[in-house]
Amino acid sequence: MVDEGRASQAKRMLTIQDLHVFHGPIEAVHGISLNVERGKCISLLGPNGAGKTSTISAITGIARATGSVRFEEREISGDSVEARIASGIAVSPEGRRIFSNLTILENLTLGAAIQKDQKEKGRDIDHWFSLFPILAERRDQAAGTLSGGEQQMLAIARALMARPKILLLDEPSLGLAPKIVRQIFDLIGTLKDQGMTILLVEQNATQALRLADYAYLMSSGRIVAHGTADELGKSDKLMAELTGVA
Ligand SMILES: Nc1ncnc2c1ncn2[C@@H]1O[C@H](COP(=O)(O)OP(=O)(O)OP(=O)(O)O)[C@@H](O)[C@H]1O
Ligand SMILES: [Mg+2]
């Protein structure tokens, strides 16, 4: 019994308990709890304004929050943003936020700012170029000239340059055509197959549930349902809410 408890704790990478997130006087998230296990892809779904990005911002330390955020069995809610990055948390933010005037190579190099060893940095860049060949082809081009899908790939690759233990992806499919969305999700699937732990924030529930081992549905700052894709899919009403189809 005790051993089982230890085993499940060891699998836990990120555990959030009773998290409240604030923007000035506004409380955007009202006490949510969730769990991300090592090597799994967990999805946080919900419509506009549900509190998904606020949750991500509380994990990275950008937004003011109360409650518990444990990462690898350590409470990190008092840590600075920099300390959280150094401990292995990386985010591909909503809206991508790449540096448009810098080249792809420069964007990737900045993603590895905490990595001091230049040789290691070069090796990492080569590694991610092999997974994102389109970025390799355009390495000296200004990032602002890339298509939306390519910019999303760059945002993900830049986050990976920090060698994270967990990758937080905030709406990677936002504003992209269906064909490109499928490419982005295939890529996330490849990262998952390579063992990356992923928290995937999405409005595109259909695509996200194809990948996710477990999902939480947020609405108005609360988690209103959670389960595996199969479990969530059993409820037609819930699926309509998830996919935005009334
Ligand atoms: N910087 C801010 N200042 C004030 N209110 C904010 C701020 N950021 C978010 N909010 C509010 O917090 C609530 C949750 O917003 P949040 O961005 O977390 O939602 P979301 O689920 O990420 O939505 P979307 O899918 O549109 O990105 C909303 O009511 C929003 O207006
Ligand atoms: Mg958001």
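Up top is the structure these notes are about.
The shown structure was predicted, so the numbers you read here are calculated from the model rather than taken from an experiment.

Here we take up the coordination of the magnesium ion (ligand 2). For the magnesium ion (ligand 2), the full set of protein donor atoms is Thr 53 (OG1), Glu 94 (OE) and Glu 94 (OE), and the range of their distances to it is 1.9 to 2.8 Å. Of the two residues, Thr 53 sits in helix H2 (residues 52-60) while Glu 94 sits in the loop between strand S6 (89-92) and helix H4 (104-111), which places them 41 residues apart along the sequence. Judged by relative accessible area, which is 28%, Thr 53 ranks as partly exposed.

So, about the sheet that holds S6. With respect to topology, six strands assemble into an open sheet ordered S6-S7-S8-S3-S9-S10, the strand pairing being mixed. The sheet is open, and its two edges are formed by S6 and strand S10 (222-227), each paired on a single side. Averaged over all neighbouring strand pairs, the angle between strand axes comes to 20°, with direction disregarded. In this sheet, strand S7 (residues 166-170) lies alongside S6 in parallel orientation, the contact comprising four bridges. Bridged to Ala 90 within S7 is Leu 167. The sheet contacts of helix H7 (residues 148-160) involve S6 and S7, and relative to S6 the element is tilted by about 170°.

Here the structure, examined in full by the defined rule, presents two aromatic pairs. Taking 5.4 Å as the distance between ring centres and 65° as the angle between the ring planes, the aromatic pair formed by Tyr 214 and Tyr 216 counts as edge-to-face. Residue class for Tyr 214 comes out partly exposed when judged on its relative accessible area of 24%.

This part takes up the packing of H7 against helix H8 (residues 178-193). Contact geometry for H7 and H8: axes closest at 10 Å, N-to-C directions at 20°. Between H7 and H8, the angle falls in the class roughly parallel. Of the two elements, H7 crosses H8, and the hand of that crossing is right-handed. In this structure, H7 uses Gly 149, Gln 152, Met 153, Ile 156 and Leu 160 to contact H8, whose residues at the interface are Ile 180, Gln 183, Ile 184, Leu 187 and Leu 191. Partitioning the contact of H7 with H8 into residue classes produces seven nonpolar, three polar and no charged.

On the secondary structure map, Gln 151 appears in helix H7. Note on Gln 151: relative accessible area 18%, which makes it buried. C-alpha separation for the pair Gln 151 and Gly 195, spaced 44 residues apart in sequence, amounts to 23 Å. Excluding its chain neighbours within four sequence positions, the residues that come into contact with Gln 151 are Arg 96, Ile 98, Ala 143, Gly 144 and Leu 146.

Definitions and limits used
Residues numbered from 1 in each chain as written. Chains lettered and ligands numbered in written order. Predicted model: local features only at pLDDT ≥ 70, side-chain atom pairs only at ≥ 80, totals over all residues. Heavy atoms only, no water. Donors = N, O, S within 2.8 Å, 3.2 Å for Na, K, Ca; no water. Helix = DSSP H or I, 4+ residues; strand = E, 2+ residues; numbered from the N terminus. Buried < 20%, exposed > 50% of the residue type's maximum accessible area, 1.4 Å probe, protein only. Pairing = 2+ DSSP bridges. Axes fitted to C-alpha atoms, helices over the stretch in contact; angles between N-to-C directions. Contact = heavy atoms within 4.5 Å. Phe/Tyr/Trp six-rings, centres within 6.5 Å; stacked < 30°, edge-to-face > 60°. Parallel < 35°, antiparallel > 145°, perpendicular 65-115°, else oblique. Left-handed = near helix turned anticlockwise from the far one by under 90°. Nonpolar A, V, L, I, M, F, W, Y, C, P; charged D, E, K, R; others polar.

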